[in-house]
Amino acid sequence: MKNIYKYLYILCLIATTGAARNPEFEMPAMGWSSWNTYRININEGLIKKQADAIVSSGLKDVGYKYVNIDDGFFGWRDKSGRIQTHPERFPNGLKKIAAYIHSLGLKAGIYSDAGSNTCGSIWDKDPNGINVGLYGHEKQDANLFFNEWGFDFIKIDYCGAGQELALEEQKRYTEIRRAIDEVCDRKISLNICRWAFPGTWAKDLACSWRISYDISPNWDAIKHIIEKNLYLSAYAGQGHYNDMDMLEIGRGLKPEEEEVHFGMWCIMSSPLLIGCDLTTIPHASLKLLKNRELIALNQDPLGLQAYVVQYQNSGYILVKDIERKRGKIRAVAFYNPSDSVCTFSIPAVSLELGGTIKIRDLIKQKPIGTVKEYLQCKLPPRSINIWRLEADKRLEPTFYEAEWAYLPRYNDLAVRPKNITYAPYKGASGETVIRFLGGSSDNYAEWNEVYSEKGGAYEMCISYIPEVNRKLEIDINGKKIVLENLETDVSKGITSVTVPVSLKAGNNIVRMCSSYCWAPDIDCFTLKKIPQL
């Protein structure tokens, strides 16, 4: 009987990795990219060897399919404006390279810059990267890359457009996306490489977007990028993902740091693009990259990013639905970024799970028992546990953090003062609040899956930071409540206000704003069902 359950579990994994993916939208990209190890020092033979290694190592079998050629292939533009490839590095051009990649059953990715010059021309002093960017050649380059050469994916950097020309991001990437769609009748996967969360407009143009500066093979870089992505879950999903940058697995990190790196990239649904030399990758690193159970989290058909459900003792607990929305199966990560031992304890009800909960360790790929009321563990420094939880029942949630909200005017570009943001605040439930909310009707916070099993009357208790001259508009499914007489004594710290609300059965949309002045900084809100008499 035990073997039958194991067989069924393996079938479940196969259904969420490899070929059997959600046909409605793209999963996070999986593959290899040249930049981390080689920067501009690439050539035809090197790319072919890495493509061969994806196949021979078994990486293709578990879902890795892209071979992405980054900066370094450029030669020059001829008099007609057509890009010529580097004569020594790619003497046979890139059409044959793309065809070779395709012959292995893989997909081919290419690189350019939104400006005139590439990042390699600036940071690697590569003269061949000058005047080969997309600026002024959008349709010409798109036709060359995708119609003539046959590439399937493009990473578009911003060194030439941003550092040199200070162009406006949304306008520039919109022009490029439009040009690609006009000349190419295939769906081309586009990655925005702007080194910070660019804004909610990105999802209309790209499958993924960078949220941080370039990664490097050290712990501080891994920790920083995870920190940048902790509160961006509202912007990921349905074929559009926060890109935590290329993987540094196999490039010198300690084993436990590699587990954090790969595990967090998986549960947060980042693209998985390997950056090491696949012909010399250590066995343990390759085994981690081929962990089907972690890959299943990344390629889960729901396409969701895990969110922070609890901050405790310098450690974070993240959770997300897998396999079915509001089902009995969830994935949880216990993440210790600190340099000391961290003890975790979380009530099962905080994970919206009830009854007996079966736990499977996805890193070690084995069951570890059952629990009922609490999930607990102790982790050494710089480490992680990732578990698959299967409960007897799914519970109605009662608690919502501010940092789970979707903020339509949020970006991390720091181009305007007092931009709405997720800000640290000592004493808040998750040590984080929403700041600079309001001032206009479109600067709101939205929770679009506030769930009620049966609907009815509730008490909503909103925790906020007192401040003078603040109002709060609460909109629930289009019905607005305005709160004007809020606490103004900031010395009181986090305070709360309770209002009666009505919810429908299923998901409800809750918005908070203040159309003509600032709203208070929001910590969280809770819901308590009012018993019917």
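Keep in mind it's a predicted model, so treat the numbers as computed, not measured. (Residues numbered from 1 in each chain as written. Predicted model: local features only at pLDDT ≥ 70, side-chain atom pairs only at ≥ 80, totals over all residues. Heavy atoms only, no water.)

A.B. asks: Hey, could you run me through the overall build of the protein in this one?
C.D. replies: Helices and strands together make up the secondary structure of the protein, namely 12 helices and 28 strands. Taken over C-alpha atoms, the radius of gyration comes to 24 Å for the protein, in line with the 24 Å a tight globule of 533 residues would show. Considering only C-alpha atoms, the protein reaches an extent of 80 × 65 × 45 Å along its principal axes. For the protein, the residues scored as buried account for 58% of the 533 residues in total. Long-range contacts, defined as pairs at least 24 residues apart, comprise 72% of the intrachain contacts of the protein with a sequence gap of at least 6. Accessible area of the protein: about 22500 Å², with a carbon and sulfur share of 51%. (Helix = DSSP H or I, 4+ residues; strand = E, 2+ residues; numbered from the N terminus. Rg over C-alpha atoms; globule rule 2.2 N^0.38 Å. Buried < 20%, exposed > 50% of the residue type's maximum accessible area, 1.4 Å probe, protein only. Contact = heavy atoms within 4.5 Å. Areas by Shrake-Rupley, 256 points an atom, 1.4 Å probe, with all protein chains shown as cover.)

A.B. asks: Explain the packing of helix H3 (residues 44–56) against helix H4 (residues 95–103) here, please?
C.D. replies: Pairs of packed helices are described in terms of their axes, by the angle between the two and the distance that separates them. For the pair H3 and H4, interaxial distance at closest approach is 10 Å and the crossing angle is 10°. When the axes of H3 and H4 are compared, the pair comes out roughly parallel. Where H3 abuts H4, its residues Glu44, Ile47, Lys48, Ala51 and Asp52 lie against Ile97, Tyr100 and Ile101. When the residues that make up the contact of H3 with H4 are grouped by side-chain class, the tally is 5 nonpolar, no polar and 3 charged. (Axes fitted to C-alpha atoms, helices over the stretch in contact; angles between N-to-C directions. Parallel < 35°, antiparallel > 145°, perpendicular 65-115°, else oblique. Nonpolar A, V, L, I, M, F, W, Y, C, P; charged D, E, K, R; others polar.)

A.B. asks: Got a minute to help me understand the side chain of Gln305 in this structure?
C.D. replies: Among the structural elements, Gln305 can be located in the loop between helix H12 (292–298) and strand E11 (307–312). A distance of 3.1 Å separates the side chain of Gln305 from the backbone oxygen of Asn229, its partner in a polar contact. At a separation of 2.8 Å, a polar atom in the side chain of Gln305 contacts the side chain of Asn242. Not counting residues up to four positions away in its chain, the partners in contact with Gln305 are Asn229, Leu232, Ser233, Ala236, Asn242, Ile267, Met268, Ser269 and Lys320. (Polar contact = N/O pair within 3.5 Å; in protein donor to acceptor, adjacent residues only side chain to side chain.)

A.B. asks: What am I meant to see in unusual backbone geometry here?
C.D. replies: Negative phi characterises most residues that are not glycine, and trans characterises most peptide bonds. With a phi close to 50°, Arg39 is a non-glycine residue in the positive phi region. By the secondary structure assignment, Arg39 is in the loop between helix H2 (35–38) and H3. The backbone of Lys125 shows a phi angle near 55°, a positive value even though the residue is not glycine. Counting through the fold element by element, Lys125 comes out in the loop between helix H5 (119–123) and helix H6 (138–148).

A.B. asks: Would you mind going over helix H10 (residues 255–267) with me for this structure?
C.D. replies: At 3.6 residues per turn, the α-helix brings residues three or four places apart onto the same side. Taking 1.5 Å per residue, 13 residues should reach 18 Å; H10 reaches 18 Å between its end C-alpha atoms and fits that length. Among the 13 residues that make up H10, 10 are buried, leaving the element largely enclosed by the rest of the structure. Every buried residue of H10 is listed here: Glu257, Glu258, Val260, His261, Phe262, Gly263, Met264, Trp265, Cys266 and Ile267. Backbone geometry just downstream of H10 places Ser269 in the positive-phi region, at approximately 55°. (Expected span 1.5 Å × (residues − 1).)

A.B. asks: Would you take a moment to explain the pairing of strand E27 (residues 506–513) for this structure?
C.D. replies: Pairing of strand E22 (residues 445–452) with E27, which is carried by 6 bridges, proceeds in the antiparallel orientation. Within E27, the position partnered with Trp447 by the bridge is Val510. Across 4 bridges, the pairing between strand E24 (residues 472–476) and E27 is antiparallel. By the bridge assignment for E27, Ile474 is matched with Met512. (Pairing = 2+ DSSP bridges.)

A.B. asks: I'm lost on the pattern of salt bridges in this one. Help?
C.D. replies: If the charged atoms of two oppositely charged side chains come close together, the side chains can form a pair. Per the counting criterion, the structure on display carries 33 salt bridges. In this structure, Arg388 and Glu323 form a salt bridge, with 3.1 Å as the shortest nitrogen-oxygen distance. Residue Arg388 is found in strand E18 (residues 383–394), and its partner Glu323 is found in the loop between strand E12 (315–321) and strand E13 (329–336); the two are separated by 65 residues along the sequence. Given a relative accessible area of 30%, Glu323 falls into the partly exposed group. Assessed through its relative accessible area of 11%, Arg388 is described here as buried. Residues participating in the shared-partner salt-bridge network are Asp321, Arg326, Arg330, Glu352 and Arg394. (Salt bridge = Lys/Arg side-chain N within 4 Å of Asp/Glu carboxyl O.)

A.B. asks: Hey, could you run me through the pairing of strand E28 (residues 521–529) in this one?
C.D. replies: Every other side chain in a regular strand lies on the same face of the sheet, so the side chains alternate between the two faces. Pairing of strand E19 (residues 399–401) with E28 involves 3 bridges; the strand directions are antiparallel. Bridge pairing links Tyr400 to Phe525 in E28. In terms of strand pairing, strand E23 (residues 456–465) meets E28 through 8 bridges, oriented antiparallel. In the sheet register, Ile462 faces E28, and the bridge partner there is Phe525.

A.B. asks: Looking at this structure, how should I read the nonpolar core?
C.D. replies: The tendency in soluble globular proteins is for nonpolar side chains to be buried side by side. By size, the foremost hydrophobic cluster in this structure holds 156 residues, and its most contacted members are Phe262, Met264, Trp447 and Met460. Filtering out sequence-adjacent residues up to four positions away, Trp447 remains in contact with Tyr400, Glu401, Ala402, Trp404, Ala405, Ile434, Asn508, Ile509, Val510, Met512 and Phe525. Ala29, Trp35, Ile40 and Tyr66 belong to the second largest nonpolar core, which has 7 residues in total. (Core = buried A, V, L, I, M, F, W, Y, C linked by side-chain atoms within 4.5 Å.)

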